[in-house]
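In case you want the letters, here they are:
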Amino acid sequence: MTRPFWIRLVANPRAAFGLVWLGLVVLAALAAPLIAQADPFAITGSPFARPFGESGLGTDSLGRSVWSGLVFGARTTLLIAVIATLSAVAFGGLVGALAGFYGGRIDDLLMRLTEFFQTIPSFIFAILLVAMLSPSATSVVVAIATVSWPPIARVVRGEVLTLRSREFVQAAITLGERDAAILLRQILPNALSPLIVTGSLLVATAILTESALSFLGLGAPNLMSWGFMVGAGRSFLRDAWWLVAIPGVAILLTVLSINLVGEALNDALNPRLRTP
Amino acid sequence: MHGTRLVRYALLRLLQAVPVVLGVVVLNFLLLQLAPGDAATVLAGEAGGAPPEYVAELRARFGLDQPMLVQLGLYLKNILLLDLGYSFRNSAPVLDLILERLWPTLLLMGATFVLSVGGGVVVGLLAALWVRTWRDHLISVVAVIAYATPLFWIGLMLILVFSIWLDWFPTSGMEDVVAFNEGWARIIDIAHHLVLPTITLSLFYLALYTRLMRATVLEQRGAEYVTTARAKGLTEGRITMRHILRNALLPVVTMAGVQVGALLGGSVVVETVFAWPGLGQLAFQSLFARDFNLLLGIFFLSACLVVIVNLMVDVIYVLLDPRIRVGGA
Amino acid sequence: MNAAPTATVSAGPILDISELSVALPSWADRPQAVKQVSLQIGAGETLCVVGESGSGKSVMARAILRLLPEPQVRIVDGRVLLEGEDLAHADDKRMRAVRGGKIAMIFQEPMVALNPLMTIGRQIDEILEAHTDWGKAERRRRVVATFEDVRLPDPARIFGAYPHELSGGQRQRVMIAMSLVLEPRLIIADEPTTALDVTTEAQILSLLKELQQRHGTALLFITHNFGVVAEIADRVAVMRRGEVVEHGDAEEVLTRPRHPYTRALIEAVPSLVPRKGIAGTDKSAAEPILEIRRLDKIYGRRAQGASWLTRWMPGLGRGRRQAVHAVNQIDLDVKRGSAVAVVGESGSGKSTLARCLIGLEQADAGSVKIAGNEIVGLSRSAWRPLRSRVQMVFQDPFASLNPRTSVGDIIARGAILQGEAPDAAMSQARELLTLVGLEPKAAERYPHEFSGGQRQRIGIARALAVKPDILIADEPVSALDVSVQKQVLDLLDSLRRRFGLTMLFITHDLRVAAHVCEEIVVLKSGRIVEHGKTAEIFADPRHEYTRALLSSVPGRDWQLRLVGSSAGPGTD
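Thresholds, definitions, all that
- Residues numbered from 1 in each chain as written.
- Chains lettered and ligands numbered in written order.
- Predicted model: local features only at pLDDT ≥ 70, side-chain atom pairs only at ≥ 80, totals over all residues.
- Heavy atoms only, no water.
- Helix = DSSP H or I, 4+ residues; strand = E, 2+ residues; numbered from the N terminus.
- Contact = heavy atoms within 4.5 Å.
- Areas by Shrake-Rupley, 256 points an atom, 1.4 Å probe, with all protein chains shown as cover.
- Lys, Arg positive; Asp, Glu negative; His and termini not counted.
- Charge placed at Lys NZ, Arg CZ, Asp CG, Glu CD.
- Rg over C-alpha atoms; globule rule 2.2 N^0.38 Å.
- Buried < 20%, exposed > 50% of the residue type's maximum accessible area, 1.4 Å probe, protein only.
- Buried area = accessible area lost by both parts, 1.4 Å probe.
- Salt bridge = Lys/Arg side-chain N within 4 Å of Asp/Glu carboxyl O.
- Polar contact = N/O pair within 3.5 Å; in protein donor to acceptor, adjacent residues only side chain to side chain.
- Core = buried A, V, L, I, M, F, W, Y, C linked by side-chain atoms within 4.5 Å.
- Pairing = 2+ DSSP bridges.
- Axes fitted to C-alpha atoms, helices over the stretch in contact; angles between N-to-C directions.
- Left-handed = near helix turned anticlockwise from the far one by under 90°.
- Nonpolar A, V, L, I, M, F, W, Y, C, P; charged D, E, K, R; others polar.
- 1 Å grid on protein atoms, 1.4 Å probe; cavity = no way out; pocket = protein on both sides within 12 Å on 5 of 7 lines; lining within 4 Å.
- Points joined across faces, edges and corners; volume = space filled by probe spheres on them.
- Expected span 1.5 Å × (residues − 1).
- Phe/Tyr/Trp six-rings, centres within 6.5 Å; stacked < 30°, edge-to-face > 60°.
- Lys NZ or Arg CZ within 6 Å of the ring centre and 35° of its normal.

## Comments concerning the overall build of chain B
For step 1, the next point in the chain: When its secondary structure is counted, chain B shows 13 helices and 2 strands.
For step 2, the next point in the chain: Seen through its C-alpha atoms, chain B measures out along the principal axes to roughly 80 × 60 × 40 Å.
For step 3, the next point in the chain: Long-range contacts, defined here as pairs at least 24 residues apart, represent 73% of the contacts in chain B between residues at least 6 apart.
For step 4, the next point in the chain: Of the accessible surface of chain B, which amounts to about 14200 Å², a share of 69% is contributed by carbon and sulfur atoms.
For step 5, the next point in the chain: Across chain B, the centroid of the 22 positively charged side chains sits 17 Å from that of the 21 negatively charged ones.

## A closer look at the overall build of chain C
For step 1, the next point in the chain: A tally of regular secondary structure across chain C gives 22 helices and 20 strands.
For step 2, the next point in the chain: Rg of the C-alpha trace for chain C: 26 Å, near the compact-globule value of 25 Å for 572 residues, within the 12% margin.
For step 3, the next point in the chain: Overall, the C-alpha framework of chain C stretches about 75 × 70 × 50 Å when taken along its three principal axes.
For step 4, the next point in the chain: Relative to its full complement of 572 residues, chain C shows a buried share of 55%.
For step 5, the next point in the chain: In chain C, of all internal contacts separated by at least 6 residues, the share reaching a separation of at least 24 is 72%.

## Examining the interface of chain B and chain A
For step 1, the next point in the chain: In this complex, chain B contributes 48 residues to the contact, which on the side of chain A involves 39 residues.
For step 2, the next point in the chain: At the boundary of chain B with chain A, total buried surface from both sides reaches about 3900 Å², with 82% on carbon and sulfur atoms.
For step 3, the next point in the chain: On the chain B side of the contact with chain A, Phe152, Trp153 and Leu156 of chain B bury the most area, a combined 16% of that side's loss.
For step 4, the next point in the chain: As a salt-bridge pair, Arg211 of chain B and Glu263 of chain A come within 2.6 Å of each other at their nearest N and O atoms.
For step 5, the next point in the chain: Counting every contact that joins chain B to chain A gives 4 residue pairs in polar contact (both at pLDDT 80 or more).

## Remarks on the nonpolar core
For step 1, the next point in the chain: Among the nonpolar cores identified, the biggest contains 213 residues, and Leu290 and Ile472 of chain C are the most heavily contacted of them.
For step 2, the next point in the chain: For Leu290 of chain C, the residues in contact, after removing those within four places along its chain, are Leu332, Asp333, Val334, Leu357, Val368, Lys369, Ile370, Ile470 and Leu504 of chain C.
For step 3, the next point in the chain: Grouped together as the second largest cluster of nonpolar side chains are 95 residues, Ala231 of chain B together with Trp134, Val174 and Leu205 of chain C included.

## Some remarks on the interface of chain C and chain B
For step 1, the next point in the chain: Taken together, the contact between chain C and chain B spans 35 residues of the former and 29 residues of the latter.
For step 2, the next point in the chain: Both faces combined, the contact of chain C with chain B buries some 2800 Å², and carbon together with sulfur accounts for 61% of it.
For step 3, the next point in the chain: Across the contact surface, chain C and chain B share 5 salt bridges.
For step 4, the next point in the chain: We note a salt bridge from Glu126 of chain C to Arg242 of chain B, for which the minimum N-O separation is 3.1 Å.
For step 5, the next point in the chain: Counting the contacts that link chain C with chain B gives 15 residue pairs in polar contact (both at pLDDT 80 or more).
For step 6, the next point in the chain: Those elements giving two or more residues to the side of chain C that touches chain B turn out to be strand E6 (103-106), helix H3 (110-113), helix H4 (120-131), helix H7 (168-180) and helix H12 (307-312) of chain C.

## Focus: the environment of Arg511 of chain C
For step 1, the next point in the chain: By secondary structure assignment, the location of Arg511 of chain C is in helix H19 (residues 510-516).
For step 2, the next point in the chain: When sequence neighbours within four positions are dropped, the list of residues in contact with Arg511 of chain C reads Gly227, Val269, Pro270, Ser271, Leu272, Val553, Pro554, Gly555, Arg556 and Gln559 of chain C.

## Some remarks on the side chain of Arg139 of chain C
Residues and elements named next belong to chain C.
For step 1, the next point in the chain: Secondary-structure assignment places Arg139 in helix H5 (residues 136-149).
For step 2, the next point in the chain: Among the polar contacts made by the side chain of Arg139, one reaches the main-chain carbonyl oxygen of Trp134 at a distance of 3.2 Å.
For step 3, the next point in the chain: Beyond its immediate sequence surroundings of up to four residues, Arg139 is in contact with Asp125, Leu128, Glu129 and Trp134.

## Points about the sheet that holds strand E5 (residues 85-86) of chain C
All names here are of chain C.
For step 1, the next point in the chain: Across the sheet, 4 strands lie side by side as E2-E1-E4-E5; this open sheet has antiparallel pairing. The outermost strands of the open sheet, each flanked by one partner alone, are strand E2 (32-41) and E5.
For step 2, the next point in the chain: Sheet topology places strand E1 (residues 15-23) next to strand E4 (residues 74-82); 7 bridges connect them, and they run antiparallel. From the neighbouring strand, Asp16 faces E4, where its bridge partner is Leu81.

## Brief notes about the packing of helix H8 (residues 183-221) of chain B against helix H11 (residues 260-274) of chain B
Residues and elements named next belong to chain B.
For step 1, the next point in the chain: Contact geometry for H8 and H11: axes closest at 10 Å, N-to-C directions at 145 degrees. Where H8 crosses over H11, the two elements pack in a sense that is right-handed. Contacts from Leu196, Pro197, Thr200, Leu201 and Tyr205 in H8 reach Ala262, Leu263, Gly266, Ser267, Val270 and Phe274 in H11.
For step 2, the next point in the chain: Tallied by class, residues from the contact of H8 with H11 come to 8 nonpolar, 3 polar and no charged.

## A closer look at unusual backbone geometry
All names here are of chain C.
For step 1, the next point in the chain: In this model, Glu70 is joined to Pro71 through a cis peptide bond whose omega is 0 degrees.
For step 2, the next point in the chain: At Arg66, a residue that is not glycine, the phi angle is positive and equals roughly 55 degrees.
For step 3, the next point in the chain: In this structure Arg66 comes out as buried when scored by relative accessible area, which is 16%.
For step 4, the next point in the chain: Phi is positive for Arg294, which is not a glycine, with a value near 45 degrees.
For step 5, the next point in the chain: The residue Arg294 is located in strand E11 (residues 288-299) in this model.

## Here's the deal with empty space enclosed by the protein
Residue and element names in this part refer to chain A.
For step 1, the next point in the chain: Scanning all chains against the criterion turns up 8 cavities of 30 Å³ or more.
For step 2, the next point in the chain: Taken as a whole, the largest cavity encloses approximately 140 Å³ of empty space.
For step 3, the next point in the chain: Around the largest cavity, the lining is made up of 14 residues, and of these Asp60, Arg64, Met229, Ala232 and Leu243 lie nearest the centre.
For step 4, the next point in the chain: Secondary structure elements with two or more residues in the lining of the largest cavity: helix H4 (66-102) and helix H10 (226-233).
For step 5, the next point in the chain: Ranked by residues supplied to the lining of the largest cavity, first place goes to H10 with 4 residues.

## Here's the deal with the pattern of salt bridges
Residue and element names in this part refer to chain A.
For step 1, the next point in the chain: Tallied over the full model, the rule gives 45 salt bridges over all chains.
For step 2, the next point in the chain: A salt bridge links Glu115 to Arg112; the shortest N-O distance between them is 3.7 Å. Here Glu115 and its partner Arg112 are both found in helix H5 (residues 104-119), 3 residues apart, which amounts to about one turn of the helix.
For step 3, the next point in the chain: The partly exposed category is assigned to Arg112, whose relative accessible area is 42%.

## Here's the deal with helix H8 (residues 198-215) of chain C
For step 1, the next point in the chain: With 18 residues, H8 of chain C should reach 26 Å at 1.5 Å per residue; the first-to-last C-alpha distance of 26 Å fits that figure.
For step 2, the next point in the chain: One or two positions beyond H8 of chain C, positive phi appears at Gly216 of chain C, with a value near 65 degrees.

## Quick notes on the side chain of Thr112 of chain B
All names here are of chain B.
For step 1, the next point in the chain: Turning to its location among the elements, Thr112 is positioned in helix H5 (residues 94-129).
For step 2, the next point in the chain: Residue Thr112 is classed as buried on the basis of its relative accessible area, which comes to 0%.
For step 3, the next point in the chain: Setting aside residues no more than four positions away along its own chain, Thr112 makes contact with Val117, Thr198, Leu201, Ser202 and Leu263.

## Some thoughts on the pairing of strand E14 (residues 365-370) of chain C
Residue and element names in this part refer to chain C.
For step 1, the next point in the chain: Here E11 runs beside E14; their pairing, made up of 5 bridges, is antiparallel. Bridge pairing in E14 places Asp296 opposite Ala365.
For step 2, the next point in the chain: The sheet contact formed by E14 and strand E15 (residues 373-374) spans 2 bridges and is antiparallel. When the sheet's bridge partners are listed, Ile370 is paired in E15 with Asn373.

## Section: the packing of aromatic side chains
For step 1, the next point in the chain: Considering all chains together, one arrives at 13 aromatic pairs over all chains under this definition.
For step 2, the next point in the chain: Measuring from ring centre to ring centre gives 5.0 Å for Phe91 of chain A and Trp149 of chain A, while their planes differ by 85 degrees; the resulting arrangement is edge-to-face. Placement of the pair is Phe91 of chain A in helix H4 and Trp149 of chain A in helix H7 (residues 137-165), with a sequence separation of 58 residues.
For step 3, the next point in the chain: Accessibility expressed as a relative area gives 4% for Trp149 of chain A, which makes it buried.
For step 4, the next point in the chain: Considering the side-chain rings of Phe162 of chain B and Trp168 of chain B, the 5.7 Å spacing of their centres and the 40 degrees angle between planes classify their relative orientation as tilted.
For step 5, the next point in the chain: Judged by relative accessible area, which is 25%, Phe162 of chain B ranks as partly exposed.
For step 6, the next point in the chain: The exposed category is assigned to Trp168 of chain B, whose relative accessible area is 51%.
For step 7, the next point in the chain: Through a chain of ring-to-ring contacts, three or more aromatic side chains come together here, namely Phe91, Phe116, Phe117, Phe125 and Trp149 of chain A together with Phe299 of chain B.
For step 8, the next point in the chain: Directly above the ring of Phe159 of chain C sits Arg140 of chain C, whose terminal nitrogen or CZ lies 4.2 Å from the centroid.
For step 9, the next point in the chain: Cation over ring: Lys524 of chain C sits above Tyr545 of chain C, and NZ or CZ is 5.3 Å from the ring centre.

Bear in mind that shape data such as this cannot, by itself, settle questions of function.
This is how it looks when you write it as structure tokens:
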């Protein structure tokens, strides 16, 4: 009845689709210099070449290869999203764990802070941060991490709070286990699956935020990204709509895949939800 | 009796909002310190535009030669007196600029709120009633795709299809300014302009509420009180409308409150795409004019807006759920 | 819709179930939840269906009203005749007329069985609205009259109240009112008193009996508790893994059970009569190992935080509760080697007391000395050397073991923390597993591979691993099935004798207390109301509350009768 975790995950057709597409994107990002023009900003042909002609996916207004842009954009977008998410998970996880484990005033204080960051309009705050720090890959990462840690903190706090009142944790306390050991040995292994699920879904949100920032022209300069490509193609929507459509589809499919895999992870890691 | 308690509750929530507003001001102040150069040049609009006398006056007013805490105090005082400064880029006080752009944003947000929450509740309920049929699967697939679609991209695609190719809707703006419409004609014109931006901004939230509503209705359908209702001999229709619906609305209301801030963020993107003359577009323009003081003002006022909408959502929640204790015994 | 009470007993049975089978989905542990069950209930009669968890008794009850989660769980065979009409094949419209009108149902947990967002009155009014054409005022009169019938205080207020505003006992009275409002022919009650305290349970049982006699309703009563059966049943059916193994007159089954399973179940009910010579030697000369003086613990006093705000606008505090004096000036000496039961209902403070003694809660005032060491006010690190003195066995065997740690690691951890070498601790863990009746190789396995009773044994081994002087057992058997309860109790008893442990046994169940402890402490609202030798208290309770507790124990007369006639169950 309980099949291995991986089988359960791959047996889900939605998850299988997501895993295949994500695999392709990651592969393209890793092998970018091998499968495309080394510099996505280099002019490779005449401007506005239509896609599926002699120049792959076509060229933009300056004659830059759309294929190159896509492949190198995958690098930028994935890297920024993953690093930002990892930072958010680390920070949010720490805040949530401390709040849930120690409770009382520490919990009050940290949760007020979390609520505050959830209340303020996060995207406008991210814009402000990037603008104030002046646009660069680092400031985009900082901005995305700063606005996306609160959900992680809430999830982790909730998990720690319930686990902390579970009897096996109480038993560890009565055996004289130290706080750090209780957090690492008793609570963390049991809180891992919701953390993984929330974290993976957060990568999708981070990609959307990064794309929106790049679209507004606040992305990392000198780094090709999907949002930037949409933003640059925007002025030529009437005549060269594919410049907008193609990178947008790439974003859509990638975010969709991550969401599908995240949901499948959730189903696979919480077997009790499977019985209909 | 209940009414006065509700007012007390609203007052309490308002008091609890004070630290949030103060927090935003402090955050603004910290952001000012982050920016390259001295705060006065930032406030005056970087890269010039303001006369040197004004910059000097700003220095004195914000006590930039004073210790940090005094600076913070002066900054707090100015913001709380709603003195958000003057934008030399636009030759107008920041507050006036913002208030002028506030109502188009409110219009867009309101329309989006109604479409996404209302639509999400209805579609999610239908999906749950049709659970595991092709209709349910179709709704789920569309929702999961809409949930992954970047706002700016779907906006451009809608313009491409419905404005450029089909010519059903205008590509940008809030009204046809040269037509000088008045009365109903103007309202219809604005509504016509409102359609595409609202759909663009709603799509993601529509998907979000649909999925949430479907999940909670299914969860509530398994609850024991539903078995009780069935054991009373009620029809399935009555059980759904009278028992399940209200219980399932509670998480949706909570989520709607949580999402207000994100909705405002989304409107920045949508307003930029559709040249909708609201706060978001103003933010985008000030970004490129490097008019940071205006940007900070927009951030401050939009945070206040979120706090107010959250307050309204809280009051609605209390009206829906008798378990929330309003005030003391 | 004739609403007049009909006390006439008809000749044939009201409900006639024959050869009923209910199929389970493919992923379940067996193909059928209910197998070929045949039962009859006559008018005015009470039939108790008894069984342990997984016996299919609840599924059978829900199948009668077709309240199963179809199509996964569905009736596959048999008939359910209500006054000659087959419900197993009736259409939806007909079933709706039967539900609430002719057959009503009472559920175990009234808190979740009531819609939290609808007033009580409206939830009952709905039944009348669906089944009658009465006007609003007439319906309201009827609902209020039914509230009076089930003796709910202030019916007019209850009508407009929400479920969360009532107590547990009141909510169950509301459920009973809901079932009675249309004077049905049959009421199905699915463990209606299991979630209630024993004194409330006694009140609800006598109310049900009285109402049934007055209205002549047939009652199908589902329970796991033989005490309740003895209290209320005319006839009994015992279910096991979907089948009825024994079926007969209540008196007959309770005193002369024929099927070995019934006999085992009845034997497993601990006797209310304290065992003689329970602790062997007299402990009055031994020195106290645990000395509790004026111990105090108050919950819900949250003066910090937004106090300036609440002072300024009184009554606006968020989530502030009334302060609860959970442990109130408790004095208690426990002698080395004795077993003391701390008995009380929910909210009596018995668990809080235990948690203060083991350092999971910090007492507010008073003193506790364990073998002379003061523990009140100790920090977590100062507690650490004392951990080997006192250990705890927890209530919920499914929550008390870390699912991601092997059983061996769970047991050995305590000894390792006390400075034992890992290898030695692990071999000691294997010995402990044998001691509690499990295989030594269980050490390599994980908690989810064990049953509830086995997990509780693992929990006991974990507590013993640090060689404690005092063992605190917090309701260690209340989550277990009756047949397993006794085994775990006997294990605790024998281990205590073998190691000379001092045991503090927290329980709500006087039977359990009488079975393992020679001394009893009765707690009510955080105070000790009575304390003494178990035998003496049972023979001559001094405090009014102790008397109420003792007389509320369901099936008390049945067991006393068994002992009186010295023909104990199973001794044929």
